[in-house]
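# Structure at a glance
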Amino acid sequence: MGSLDATSTSLAEDLQDLQLDRPAKGLKSVEELEKLTVDEHLSDIERSVYLLSSGQEVQRISVIHNLPDLLRDTESHDECMRRVVPKVREVLHLAQTEMQVAASSAFLQILQKNLVPVQNYSQTFLQTILNSVDSKDPDVASAWLDTLLDVIDLLPKEVIKKEILGSAIAKGQLAQSVQSRLACCRILGKISTKFEPFVIKKEILPVVQSLCQDVDYEVRGCMCRQLDCVARGMGLEATKSAILPELVELTNDEECHVRIAGLETVVNILSLLDAETCGTTIIPLVCKICQQAVQAEDATLPVVATQLGKLCHGISDNLTDEQRQWFIDFYKKLCHVGLEKNKASSRVTTPLIDKDRGSKESDLTDIFELEDKLVECRKNSAYNFPAMVLFCGAKQFKPELHLTFTHLCKDPHFLVRKTISSGFHEVCKLLGNNANLIQSDLVALLKDESIEVLRGVISTIPAILDCYMSSGSNHTVSESKSGPLSDIIPAFLASENAIFTSHNWRLQEELMRNLSCLSRCYSSESLYNKVIPILRQKLVKARALPVKVAAAHSLLKLTRKVKKREQREEIYHGLIHDFCHARKCYLRNVFIDICRIVIELYSKKFFKETFYEYLLELHTDSVPNIRLSLCSILPDLKRLLILPTDRGLLQQLDACVRKLLVSEKDRDVSDGIQSAVEELDKIHIPMQSMTRRNFFEQDLDDQKKEEEEKLLLDNEEKELKKEEEAAEKKKGDKRNLVSAKKGSENGSSSRIPGPRKGSRAGLSGSNSTTKNSKEVSKTKIVPPGKAPASTTSTTNKPSKTTRGSGIPAPGSAGTRRASVPTISTSRRGSLGGQLGTGSYYSLLLLLAWLARQLTFSALFPSFAVVFSFCISAGTHTAKFIKNLVFSDFSYEKLSIYQIMQ
């Protein structure tokens, strides 16, 4: 027990010791408060002078930061220049680094904002800048030198020549310190573009040549990097005579740092030189630098690999075919450098380490450093691969660079594969129609195990797929299984497994967002069966909220491309069921984000019909965070409404807001609904009838979305009609085939019975009489149950009792009586046996009126019975019914009448 108490005591003491470095939590003393207290009645100028004189470091820095604001005020400008600025310059002599950096930034802002005339600025602030550049503190000197270089761009040429040129030349003398000579190099490079060529030759060139021959390699390297600016100020001829000899000598310097600077300057100066100079001086010089870098394998090798793309592009017009092939071969060598040595070293160095471990430690360090340089060389070569494709040409890619590209994609170091994957889309664009040559390489990168490699290719996969779609035929994967995308898309979808096993949620978000680019590559069925299930799964199971939002965005974007309405509705209902009605609150919160995306991608009409009411249901959610998120989207809902069409939806929104205002108990939700109400009051709901023109002008995007949705529905209906017509045609072909077979077997040509021998068709006779008004044949239709009587033909005599239309002429009673059908008494169960003549015609009139009011198909059973009696009644009754009933009927009714005929 005692040991336990001792252990606890020692632990408490240790914890107490850990708090010794922490500042004591106490109030400021009276003296400290007095030091920080300033009279409130002092003006800004007086307060600034007081704080610069007797204030603390923090207060002085605050005054210096506020100096541009003091000078901006016109009332205090002159007094500030007279009292505050001299005090600031006085304080800076002994100021610490933080105050010096603050002053350098403030002085630059004063000139950038033109708060002080240039003449006054050069007499006050510029002198302080020039004096502070020579500070012994390297951080302070670097800050003031950067300020001076920025100030040179804003000052006129006269001020630079009078105030800065002399000081810069003085700093470049050999007696000055290395820091001063380095500052001179940068200043001379900056002001060389400000003066005429003769001034540069007279004043600046001697100092430049002296600094190129400086004893310190840092000075030589710094001046070498400024030769580009000096050459542009002097012109071509002076550059060829004075600058190029110095540059050639610097590229052959014994120090690697200077040689690197020389190579970079050669690349930057190429655009200034003519073809003759490039051919005679630059190209041999570059070839020599490249050969020396490969032989030495020093720090210049990665720099050569970095600059080779720009170099080849700059001298491509001046190269012969042999020189062009030399640079291509040299680039291939850079892409393979270090690979063979790694294999050999892995076999040889292992047993040597065990023999003499201590003596080989330094050798191992050198080996690792060299390996890092070689890896960096291959990485930089992979970075320049698009430039080399442009240099070589797409037609020569397969014989020259294809194998090298494959090796880079399969390089043992992930940094090389990452670099080549990041530039894969550029290579595809340059290859154009030949992009299918590197299809297998893209599949290999998509199957890579390194997340960094996948990041490079996933971030650019939309551009890559666009290249493949534009280079080849614009067919989808499902339409051509042998197309270039048949292997790429499955590998792209399979990369999801490797990416989601890592904890890199930003890469997961990028993958989910880029899946939406598959709408151009996949058919509607493939999207629904292969891509959308992945998005729906990640929408539920992904951990990071940005990943869920990206998956929802791609899901809703791809759903617009799904052609079948049933599939789209199944997706929308799944979102409502899985998120709006989910048991877990974070899924219900995701539903609000889904609704925001729907508002962004879909039309207002679609959202109001599909998600509006389900979203408002969340105002009764038991979790306050859900209700709080709902409050933020309520103003967006009101912006969707249009009166008077959406009056009911507006009432639902008002009821939701009213309930939250009245019954909400959570403080954050109450604040949220109050803010939402304030914003809702500012939103004006447009009237559809009065502001239609303004509505269309302000919401053209929504109109476009709605037209796309209508077009999708119309296309679906057209496809359904085509399928139905094809099915009916197929059925008709089968029926014709079956009937043809039966007809050939039975030997009968038709099943429709012909007219009986000895009988005459009344309707056909009436039609014949209408064609010839001079020759009319009278035909009696014998009622059922009676034998046919003999008929008298009157074709040889002109008829006076009938009209051309078949209706009896006035005064021909006999003919009218003959046209009235005789009621049969032998069939008492028939309609003719139960109705008289008046009732019969009344029934016809009633049926005719109903046929005009209703559809013919509804009256067809009753009308068929009456029409059968019409045939027995004679020609005039049939004509009467035709004119009365079928005059305004549709094609369907007219065809039925023809069938009855």
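Bear in mind that the values here come from a model prediction, so they are computed numbers and not experimental data. (Residues numbered from 1 in each chain as written. Predicted model: local features only at pLDDT ≥ 70, side-chain atom pairs only at ≥ 80, totals over all residues. Heavy atoms only, no water.)

## Quick notes on the overall build of the protein chain
Across its full length, the protein chain carries 50 helices and 0 strands. Per-residue burial for the protein chain yields a buried fraction of 43% across its 901 residues. Within the protein chain, residue pairs in contact and separated by at least 24 positions form 68% of the contacts whose partners lie at least 6 positions apart. Of the accessible surface of the protein chain, which amounts to about 50600 Å², a share of 52% is contributed by carbon and sulfur atoms. (Helix = DSSP H or I, 4+ residues; strand = E, 2+ residues; numbered from the N terminus. Buried < 20%, exposed > 50% of the residue type's maximum accessible area, 1.4 Å probe, protein only. Contact = heavy atoms within 4.5 Å. Areas by Shrake-Rupley, 256 points an atom, 1.4 Å probe, with all protein chains shown as cover.)

## Comments concerning helix 25 (residues 402–409)
Helix 25 sits mainly inside the fold: 6 of its 8 residues count as buried. Along helix 25, the residues that are buried comprise His402, Thr404, Phe405, Thr406, Leu408 and Cys409.

## Points about the nonpolar core
Among the nonpolar cores identified, the biggest contains 227 residues, and Phe107, Tyr121, Phe125, Phe385, Tyr468 and Leu615 are the most heavily contacted of them. Among residues more than four places away in sequence, those in contact with Tyr121 are Phe107, Leu108, Ile110, Leu111, Val116, Leu126, Ile129 and Val151. (Core = buried A, V, L, I, M, F, W, Y, C linked by side-chain atoms within 4.5 Å.)

## A few points about the environment of Arg588
In this fold, Arg588 is placed in helix 36 (residues 585–601). Taking the C-alpha atoms as reference points, Arg588 and Val623, separated by 35 residues in sequence, lie 9.8 Å from one another. When residues no more than four places from it in sequence are discounted, the contact partners of Arg588 are Phe579, Cys580, Ala582, Arg583, Leu618, Asp621, Val623 and Ile626. In terms of polar contacts, Arg588 uses its side chain to reach the side chain of Asp621, at 2.5 Å. (Polar contact = N/O pair within 3.5 Å; in protein donor to acceptor, adjacent residues only side chain to side chain.)

## What about the side chain of Arg259?
Structurally, Arg259 is set in helix 17 (residues 256–269). The residues contacting Arg259, other than those within four sequence positions of it, are Leu250, Thr251, Asp253, Glu254, Asp298 and Thr300.

## Focus on unusual backbone geometry
In this structure, the amide linkage connecting Leu643 to the following residue, Pro644, adopts the cis form with an omega of 0°. Residue position: Pro644 is located in the loop between helix 39 (624–639) and helix 40 (647–663).

## Looking at a negative patch on the surface
A cluster of acidic side chains, namely Glu719, Glu723, Glu724, Glu725 and Glu728, defines a negative patch on the protein surface. Assessed through its relative accessible area of 54%, Glu725 is described here as exposed. (Patch = residues over 30% accessible without salt bridge, like charges linked within 9 Å, V, L, I, M, F, W, Y side chains within 5 Å. Salt bridge = Lys/Arg side-chain N within 4 Å of Asp/Glu carboxyl O. Lys, Arg positive; Asp, Glu negative; His and termini not counted. Charge placed at Lys NZ, Arg CZ, Asp CG, Glu CD.)

## Some details on the packing of helix 33 (residues 524–541) against helix 34 (residues 545–559)
Orientation of helix 33 relative to helix 34, taken along the N-to-C sense of each, is 155°, at an axis distance of 8 Å. When the axes of helix 33 and helix 34 are compared, the pair comes out roughly antiparallel. Crossing of helix 33 over helix 34 shows left-handed handedness. Residues Leu527, Val531, Ile532, Leu535, Arg536, Lys538, Leu539, Val540 and Lys541 of helix 33 touch helix 34, and the partners they reach there are Lys548, Ala551, Ala552, Ser554, Leu555, Leu558 and Thr559. Partitioning the contact of helix 33 with helix 34 into residue classes produces 10 nonpolar, 2 polar and 4 charged. (Axes fitted to C-alpha atoms, helices over the stretch in contact; angles between N-to-C directions. Parallel < 35°, antiparallel > 145°, perpendicular 65-115°, else oblique. Left-handed = near helix turned anticlockwise from the far one by under 90°. Nonpolar A, V, L, I, M, F, W, Y, C, P; charged D, E, K, R; others polar.)

## Points about the UniProt feature "repeat: HEAT" (unreviewed entry) in the protein chain
Within the UniProt annotation, "repeat: HEAT" (unreviewed entry) is assigned to residues 204–241 and 243–281. Between the first and last C-alpha atoms of residues 243–281 the distance is 12 Å; the span itself is 77% helix and 0% strand. (UniProt positions renumbered as here; feature names shortened; annotations may be inferred.)

## Details of the environment of Asp329
Tracing the backbone through its elements, the reader meets Asp329 in helix 20 (residues 321–336). With a relative accessible area of 36%, Asp329 lands in the partly exposed category. The spatial distance from the C-alpha of Asp329 to the C-alpha of Glu400 is 8.6 Å, given a sequence separation of 71 residues.

## Some thoughts on the pattern of salt bridges
A complete count under the given rule lists 31 salt bridges for this structure. One salt bridge in this structure joins Asp253 and Arg220, with 3.1 Å as the shortest N-O distance. On the criterion of sequence distance, the pair formed by Asp253 in the loop between helix 16 (236–251) and helix 17 and Arg220 in helix 14 (residues 217–225) is long-range, its members being 33 residues apart. Summarising the burial analysis for this pair, Asp253 and Arg220 share the class buried. One connected set of salt bridges, linked through shared partners, spans Lys418, Glu452 and Arg455.

## Considering the packing of aromatic side chains
For the coordinates displayed, the defined rule picks out 17 aromatic pairs. Judged by centre distance (4.8 Å) and plane angle (75°), the ring pair of Phe107 and Phe125 falls under edge-to-face. Residue Phe107 is located in helix 7 (residues 97–112), and its partner Phe125 is located in helix 9 (residues 125–132); the two are separated by 18 residues in the primary sequence. Judged by centre distance (6.2 Å) and plane angle (85°), the rings of Phe385 and Phe397 are edge-to-face. Of this pair, Phe385 sits in helix 23 (residues 385–392) while Phe397 sits in helix 24 (residues 397–400); the two residues are 12 residues apart in sequence, bridging distant segments of the chain. Comparing Phe385 with Phe397 shows no difference in burial state: the two are buried. Cluster of aromatic residues (ring-pair linked, three or more members): Tyr572, Phe591, Tyr602, Phe606, Phe607 and Phe611. A cation over a ring is seen here: Arg324 above Phe391, with NZ or CZ 4.8 Å from the ring centre. Stacked on the ring of Tyr602, the Lys or Arg Arg560 has its end atom at 5.0 Å from the ring centre. (Phe/Tyr/Trp six-rings, centres within 6.5 Å; stacked < 30°, edge-to-face > 60°. Lys NZ or Arg CZ within 6 Å of the ring centre and 35° of its normal.)

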